[in-house]
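Next come the chains, spelled out residue by residue.
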Amino acid sequence: QVQLVESGGGLVQAGGSLRLSCAASARTFSRYSMGWFRQAPGKEREFVGGISSSGSNTYYTDSVKGRFTISRDHAKNTVYLQMNSLKPEDTAVYYCAAAVTYYDVVPQVYDNWGQGTQVTVSS
């Protein structure tokens, strides 16, 4: 129902930073909670963090807490993932996802997905 396009991935040295963007096509972007996931080769897709429909609530997995920040710009229909102090363990394909929510919370289940953008952190 909503199309998502990620961008901003690339190759970065350990300790560096990247900002990923996810542009959404939905007319009702403000109704969607947005999440970021990542998947390394041979591993399951992992929840990284999410932001509620209003942007007032965020949640992060422990491995990225304090290093990654999710934000959203309703005027641009875009959600961002700012990644600082990157580690080689962060190397993965990063996906954004959307879920319709009726409350201002961060959901754990999403059913709309982008195509992903590769993030590679070298040591």
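The shown structure was predicted, so the numbers you read here are calculated from the model rather than taken from an experiment.

> Please explain the state of the cysteines as it appears in this structure.
Linking two cysteines covalently via their sulfur atoms produces the bond known as a disulfide. Inspection of the entire model under this criterion finds one disulfide. Through a disulfide, Cys22 is tied to Cys96; the S-S separation comes to 2.0 Å. The sign of the 55 degrees torsion about the S-S bond sets the Cys22-Cys96 disulfide as right-handed. A residue pair is termed long-range when its members are at least 10 positions apart, and Cys22 in strand S3 (residues 18–24) and Cys96 in strand S9 (residues 92–100) qualify at 74 residues. On the basis of relative accessible area, Cys22 is assigned to the buried category, the value being 0%. In this structure Cys96 comes out as buried when scored by relative accessible area, which is 0%.

> Before we go on, may I ask you to explain the environment of Leu20 in this structure?
Assignment of secondary structure puts Leu20 in strand S3. Separated by 60 residues in the primary sequence, Leu20 and Tyr80 place their C-alpha atoms 5.6 Å from one another. Excluding residues within four positions of it along the chain, Leu20 makes contact with Ser7, Gly8, Gly9, Trp36, Val79, Tyr80, Leu81, Met83, Tyr94, Thr117 and Val119.

Rules of the game
- Residues numbered from 1 in each chain as written.
- Predicted model: local features only at pLDDT ≥ 70, side-chain atom pairs only at ≥ 80, totals over all residues.
- Heavy atoms only, no water.
- Disulfide = S-S within 2.5 Å.
- Helix = DSSP H or I, 4+ residues; strand = E, 2+ residues; numbered from the N terminus.
- Buried < 20%, exposed > 50% of the residue type's maximum accessible area, 1.4 Å probe, protein only.
- Contact = heavy atoms within 4.5 Å.

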